[in-house]
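Given next are the chains, with one letter for each unit.
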Amino acid sequence: MSKKTKLKLTPEQHRERQRQRALEANQAKEMAHSDCEMELRVKGGNYGLYCQEHNKWITWLSPKELEKLSKAGIDL
Ligand SMILES: [Zn+2]
């Protein structure tokens, strides 16, 4: 039989797959800088993690994450 079976995803499965990929990409990005010196920086009123060694922004912090940091005693 030469009939090709194409994998069909439901919209939910498709969304889930995209979400998973975005998550993995994000983790890979953070892993690449796991040994780097990070700095908390402000830009345009937004807080983010900045890698001093590669001079790159790693991630932006959500208000919830900022709240966690300030509760942990980190000065913002
Ligand atoms: Zn880095």
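**With respect to the environment of N26**
You can see N26 is positioned in helix 1 (residues 11-31). A C-alpha to C-alpha distance of 21 Å links N26 and E12, two positions 14 residues apart in sequence.

**Focus on helix 1**
Look at helix 1: 30 Å from first C-alpha to last across 21 residues, which is about the 30 Å you get at 1.5 Å a residue. Judged by how many residues are buried, helix 1 sits mostly at the surface: 0 of 21 residues are covered.

**So, the confidence of the model for the protein**
Caution applies to low-pLDDT parts of the model: their predicted coordinates are not meant to be read in detail. Across the protein, the average pLDDT comes to 87, with 96% of residues at 70 or higher. Looking across the protein, the model is least confident in helix 2 (residues 63-71), with a mean pLDDT of 88, and most confident in strand 2 (residues 46-51), with 91.

**What about the pairing of strand 2?**
As paired strands, strand 1 (residues 38-43) and strand 2 are joined by 6 bridges and run antiparallel to one another. In the strand pairing of strand 2, M38 is matched with C51. Counting the residues in the hairpin turn of strand 1 and strand 2 gives 2 residues, including G44, whose phi is positive at 55°. Relative to strand 3 (residues 56-60), strand 2 runs antiparallel, the two sharing 4 bridges. Pairing of G48 across the sheet is with W60, part of strand 3. Between the end of strand 2 and the start of strand 3, which pair antiparallel, lie 4 residues, with N55 showing a positive phi angle near 50°.

**A short note on the environment of G44**
Mapped onto the elements of the fold, G44 is located in the loop between strand 1 and strand 2. Each C-alpha atom of the pair G44 and H33 lies 23 Å from the other, and the pair is 11 residues apart in sequence.

Calculation rules
Residues numbered from 1 in each chain as written. Predicted model: local features only at pLDDT ≥ 70, side-chain atom pairs only at ≥ 80, totals over all residues. Helix = DSSP H or I, 4+ residues; strand = E, 2+ residues; numbered from the N terminus. Expected span 1.5 Å × (residues − 1). Buried ≥ 20, exposed ≤ 12 C-beta atoms within 10 Å, placed from the backbone. pLDDT = per-residue confidence, 0-100. Pairing = 2+ DSSP bridges.

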